[in-house]
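Residue-level listing of the chains:
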Amino acid sequence: MRLRSTSRNGATRLSTVSLAALCVFALSACGARVDAGGAPSASAESCVDTSGDTVKIGFLNSLSGTMAISEQTVHDALELAAEEINADGGVLGKQLEIVSEDGQSEPTVFAEKAGKLITSDCVAAVFGGWTSASRKAMLPVFEAQDSLLFYPVQYEGLESSPNIFYTGATTNQQIVPALDYLVEQGTKSLFLVGSDYVFPRTANKIINAYAEAHDIEIVGEEYAPLGHTDFSTIVNKVKSADADAVFNTLNGDSNVAFFKEYNNAGMSADDMPVVSVSIAEEEVGGIGVENIEGQLTAWNYYQTVDSPENTAFVEAFKAEYGEDRPTSDPMEAAYTSLYLWKEMVEKAGSFAVDDVTAAADGATYDAPEGKVVVNGDNHHIAKTALIGKIGADGLIHTEWSSEEPIEPDPYLEGYDWADGLS
Amino acid sequence: MTVLTALLRPGRARTLAAFALAAALLLLAPAVLSPFRLDLLAKFLCLAMVAVGIGLAWGRGGLLTLGQGVYFGLGAYLMAMHLKLADAGPGGVPDFMLLYGTGQVPGWWEPLRSPVSAILLVLLVPAALAALLGWAVFTRRVRGAYFAILSQALAAAFAILLIGQQQTTGGTNGLNGFRAFFGYDLADPVNKQMLYLIAAGVLLVMVAVVRWLTVSRFGELLVAVRDQEDRVRFLGYDPALVKVVAYVVAAVMAAVGGALFVPIAGIISPADVGVVPSIGFLIGVAIGGRATLLGPVLGSIAVSWAQTSISEQFPSGWIYFQGALFILVIAFLPGGLASVAGKLRRRRAAAPPGEAAPGDAAPDAGPGPELVPERSPA
């Protein structure tokens, strides 16, 4: 039996059609070319409409996917700030109209939705992002469209875009003070544990440089894939290395497994304290207070910060979302970012991106964490570093403070030991 | 309904008409859509290219490949590496390597500096990998669920490998921030439109290629291998070779989709190439109708479009909708939405069951009788 080929003619005709289609494409005009190494081309005209009684702003957080559990809290804090500002008369007399988009915990979606918010919804500014990957994905979009992003999470530094305002800590406001604190406590050796992505790897690069200059021995450096939950090997290595302290840059669920394993292995905050930079009030509940009590964290805000601004913020948040909801550093930074934008816009008397950035330098706001000031050069804000201890009540209590707000230095230019880093 | 029937029934004249209609719609889109929506559509077309390949390998050949993200990713990363090097200029170092790496371009990046070799590598590397892997797997007669699991593990391994090599692949950040595509400024809307047209043209060519392969002797062999591999072997053909060819074609299509995705979306990261996106590709194909010519394309575009528009209306609600749709299609329309037309037609014709083609009996085949190649009268 031979198999018979069918409809050769159809196939030939199809090829002809496709060829014809291709010719049309070839004829279509081509746009501007760039010279290699040349400057990026002029950016698109803004379509922000400020003629009515309202002005649109965009919130871009992951409301689905692995990051949703963290980013939802930031989203809630942003909503609260917007409600308060609207109740107080809006910005330049205009009510804020919020367009929410879901970043779906994927960098590509963040880039797509950022483009949508800027070019389709014509928002005056966008607030959100959490992971470094999401910020890196959005950065070229905001630069190409010349729009504004307010990013509310502590990050690995080494970045400063004219179109992004960073309201979370950079490394010299969180990691470096934490190391200073450990040195003060007499720490001579450190074990580094982190999730395998950009923030921990960059943070550990910085910690290694710091350790070399300060006579601290790094006795181990281990990475676990994001979402990894089997920590027996790593905890065994930590135990046998017997460092003075552990520096933890693990993210998300991995912390639960890590601290459970850490306790099971018979270690505690007394004999080998763990300093974490990604565990806030929200995460303490998930890990279980009994697993993590007494361990240290480094942030710029805790729910326990004692100030009238913070009392008002915590009360308003609990009234809106429930008594059991804690407030945390990224939430506070997000809340603050909206107020800072308001300050800048009102200082500039305009919603235009150029006017707002021109007015940014020195814009201040009495935030729940204390007074914050925007640095117009690198678009970060001056923040006070706080080392906290996790209490039995599930809250974090300030153990040590830098007293003064620390000027942001994303490229660590003011630190001799960091010369080779950027 | 008549339009749908015409679109989906693979009769010659109708296929041609459907193809012409699709081409006309794609050419009209730039006039109707805003630059942002056109960009989105271009992105969806790139994902649809992967679906076309899956349609051939899975729908026709029965190769349930859960790892097309690997080939999509290879094409995308190779193109992204070229764009990064081109942006950095001759002898330059991509920005992220200065930040996270050694400040030196690793040797294995260098071949991608030249545009010509970059394009060749986009085609050849995935083809070579697919050929090698396919040959190793299919000659050992690994099939069904075992092949599916193997291909999925490959996707997971690929994503983990990319994440671990932050100095040279950008890690979880992936590669982004491209300024130009072969010298054309990516910020210029005219160039964006050009990219869309290129994507549309390439997709149409791919559909034509699959159609050509399907009606050829190879296509008949492929379906025969899917339904009765042993019989094909007894007839003196080598089923492994047939499968390898289908797998390689699917891989190259995925790679080309990936390569075009990069300048259009402006980013590629491990999140776009791992297990989840690999399964995502499959969902579009299954919903559209895996064994039809246009089903995978339409299904893929429809699912992408729905994902974007539903998530715009109901942020966070999209994922439930996708799940529900997938369950509904699997439960009630195993042949995909494209099989609706065939079912209706058959019901109207009320043909006696004895006339149903033998393909219907195959338990995992799913496709309607119209998909089984005509048999010669011996």
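Model, not experiment: these values are computed from the prediction. (Residues numbered from 1 in each chain as written. Chains lettered and ligands numbered in written order. Predicted model: local features only at pLDDT ≥ 70, side-chain atom pairs only at ≥ 80, totals over all residues. Heavy atoms only, no water.)

Engineer: Explain the overall build of chain B to me, and be specific about the residues and the numbers.
Structural biologist: Check the secondary structure of chain B and you find 16 helices and four strands. If you take every contact in chain B between residues at least 6 apart in sequence, the share linking residues at least 24 apart comes to 77%. Accessible surface, chain B: about 15,300 Å² in total, of which carbon and sulfur atoms supply 69%. (Helix = DSSP H or I, 4+ residues; strand = E, 2+ residues; numbered from the N terminus. Contact = heavy atoms within 4.5 Å. Areas by Shrake-Rupley, 256 points an atom, 1.4 Å probe, with all protein chains shown as cover.)

Engineer: Outline the nonpolar core, supporting the account with residue identities and numerical values.
Structural biologist: Ranked by internal contacts, the top residues of the largest apolar core, which has 104 residues, are Leu45, Leu175, Tyr196 and Ile268 of chain B. The element best represented in this core is helix 12 (residues 239-265) of chain B, accounting for 18 residues. Apart from the residues lying within four places of it in its own chain, the contact partners of Leu175 of chain B are Tyr77, Ala80, Met81, Lys84, Phe96, Trp109, Thr169, Gly266, Ile267 and Ile268 of chain B. Ranked by size, the runner-up nonpolar core spans 93 residues in total, among them Phe127, Val141, Tyr262 and Met331 of chain A. (Core = buried A, V, L, I, M, F, W, Y, C linked by side-chain atoms within 4.5 Å. Buried < 20%, exposed > 50% of the residue type's maximum accessible area, 1.4 Å probe, protein only.)

Engineer: So what's going on with the packing of helix 3 (residues 35-60) of chain B against helix 10 (residues 217-227) of chain B? Residues and values would help.
Structural biologist: Residue and element names in this part refer to chain B. Orientation of helix 3 relative to helix 10, taken along the N-to-C sense of each, is 50°, at an axis distance of 8 Å. In terms of orientation, helix 3 and helix 10 fall into the oblique class. Counted together, Leu56, Gly59 and Arg60 of helix 3 and Leu222, Val223 and Arg226 of helix 10 form the full contact between these two elements. Residue composition of the contact of helix 3 with helix 10, by class: three nonpolar, one polar and two charged. (Axes fitted to C-alpha atoms, helices over the stretch in contact; angles between N-to-C directions. Parallel < 35°, antiparallel > 145°, perpendicular 65-115°, else oblique. Nonpolar A, V, L, I, M, F, W, Y, C, P; charged D, E, K, R; others polar.)

Engineer: Which residues make up a negative patch on the surface, and what are the values?
Structural biologist: Side chains of Asp242, Asp244, Asp270 and Asp271 of chain A sit close together on the surface and give a patch of like negative charge. Note that Asp242 of chain A resides in the loop between helix 7 (232-241) and strand 8 (245-249). (Patch = residues over 30% accessible without salt bridge, like charges linked within 9 Å, V, L, I, M, F, W, Y side chains within 5 Å. Salt bridge = Lys/Arg side-chain N within 4 Å of Asp/Glu carboxyl O. Lys, Arg positive; Asp, Glu negative; His and termini not counted. Charge placed at Lys NZ, Arg CZ, Asp CG, Glu CD.)

Engineer: Can you explain the sheet that holds strand 10 (residues 296-299) of chain A? Please cite residues and give values.
Structural biologist: Residue and element names in this part refer to chain A. Taking strand neighbours across the sheet as the criterion, the seven strands line up as 7-6-8-9-10-14-15 in an open arrangement whose pairing is mixed. Bordering the open sheet on either side are strand 7 (217-224) and strand 15 (396-401), each of which pairs with just one other strand. Across the sheet, the mean angle separating the axes of adjacent strands is 25° when strand polarity is ignored. Looking at chain direction, strand 9 (residues 274-276) and strand 10 are connected through two bridges and run parallel. By the bridge assignment, Ser276 is partnered in strand 10 with Thr297. (Pairing = 2+ DSSP bridges.)

Engineer: Explain the packing of helix 2 (residues 68-87) of chain A against helix 12 (residues 329-348) of chain A to me, and be specific about the residues and the numbers.
Structural biologist: All names here are of chain A. Orientation of helix 2 relative to helix 12, taken along the N-to-C sense of each, is 35°, at an axis distance of 8 Å. Handedness of the crossing formed by helix 2 with helix 12: right-handed. Along the contact surface, helix 2 presents Thr73, Val74, Ala77, Leu78, Leu80, Ala81, Ala82, Glu84 and Ile85, while helix 12 presents Pro330, Met331, Ala334, Tyr335, Ser337, Leu338, Tyr339 and Lys342. For the contact of helix 2 with helix 12, a count of residues per class yields 13 nonpolar, two polar and two charged. (Left-handed = near helix turned anticlockwise from the far one by under 90°.)

Engineer: Explain the confidence of the model for chain A to me, and be specific about the residues and the numbers.
Structural biologist: Residues and elements named next belong to chain A. The pLDDT averaged across chain A works out to 89; a share of 90% of its residues lies at or above 70. This model gives residues 1-11 a pLDDT under 50, and the stretch forms 22 contacts once residues within four places in sequence are excluded. Counting contacts from residues 36-43, a segment whose pLDDT is below 50, to residues more than four positions away or on other chains yields 13 contacts. (pLDDT = per-residue confidence, 0-100.)

Engineer: Talk me through the packing of aromatic side chains; I want residue IDs and the actual numbers.
Structural biologist: Tallied over the full model, the rule gives 29 aromatic pairs over all chains. Aromatic pair Tyr71 of chain B and Tyr247 of chain B: ring centres 5.7 Å apart, planes at 90°, arrangement edge-to-face. Linking Tyr71 of chain B in helix 4 (residues 68-88) with Tyr247 of chain B in helix 12, this pair joins segments that are 176 residues apart in sequence. Three or more aromatic residues link up through ring pairs in this structure, and these residues are Tyr301, Phe313, Phe317, Tyr321, Tyr335, Tyr339 and Tyr365 of chain A. Between the NZ or CZ atom of Arg135 of chain A and the centre of the ring of Tyr151 of chain A, over which it lies, the distance is 4.9 Å. The lysine or arginine in question, Arg290 of chain B, covers the ring of Trp58 of chain B, its NZ or CZ lying 4.7 Å from the ring centre. (Phe/Tyr/Trp six-rings, centres within 6.5 Å; stacked < 30°, edge-to-face > 60°. Lys NZ or Arg CZ within 6 Å of the ring centre and 35° of its normal.)

Engineer: Describe in detail helix 6 (residues 198-213) of chain A, supporting the description with residues and values.
Structural biologist: All names here are of chain A. The end-to-end C-alpha separation of helix 6 is 23 Å, in line with the 22 Å expected for 16 residues at 1.5 Å each. Listed in full, the buried residues belonging to helix 6 are Val198, Phe199, Pro200, Thr202, Ala203, Asn204, Ile206, Ile207, Ala209, Tyr210 and Ala211. Trailing helix 6 by a residue or two, Asp215 shows a phi angle of about 60°, which is positive. (Expected span 1.5 Å × (residues − 1).)

Engineer: Explain the pairing of strand 15 of chain A to me, using residue names and the numbers behind them.
Structural biologist: Regular strands have side chains that alternate between both faces of the sheet. Residue and element names in this part refer to chain A. Pairing between strand 14 (residues 386-390) and strand 15: five bridges, direction antiparallel. Of the residues in strand 15, the one forming a bridge with Gly388 is Thr398. Counting the residues between successive antiparallel strands, the hairpin from strand 14 to strand 15 contains five residues, one of them, Gly394, with a positive phi of roughly 85°.

Engineer: Residues and numbers for the state of the cysteines, please.
Structural biologist: All names here are of chain A. Here the structure, examined in full by the defined rule, presents one disulfide over all chains. Across a sulfur-sulfur distance of 1.9 Å, Cys47 and Cys122 are joined as a disulfide pair. Measuring the twist about the S-S bond at about -105°, one finds the Cys47-Cys122 disulfide to be left-handed. Remark: Cys122 occurs in the loop between helix 3 (107-120) and strand 3 (126-128) and Cys47 occurs in the loop between helix 1 (8-27) and strand 1 (54-61); sequence separation between them is 75 residues. With relative accessibility at 33%, the residue Cys47 sits in the partly exposed group. (Disulfide = S-S within 2.5 Å.)

Engineer: Go over the pattern of salt bridges with me, naming the residues and quoting the values.
Structural biologist: A complete count under the given rule lists 23 salt bridges over all chains for this structure. Arg135 of chain A is the salt-bridge partner of Glu156 of chain A, the closest N and O atoms lying 3.1 Å from each other. Of the two residues, Glu156 of chain A is situated in the loop between strand 4 (149-151) and strand 5 (164-166) and Arg135 of chain A in helix 4 (residues 132-145); the sequence distance between them amounts to 21 residues. Its salt-bridge partner being Lys389 of chain A, residue Glu399 of chain A comes within 3.8 Å of it at the nearest N-O pair. One end of the pair, Glu399 of chain A, is in strand 15; the other, Lys389 of chain A, is in strand 14, with 10 residues separating them in the sequence. Overlapping salt bridges, with partners in common, bring together Glu101, Glu112, Lys113, Lys116 and Asp121 of chain A together with Lys43 of chain B in one network.

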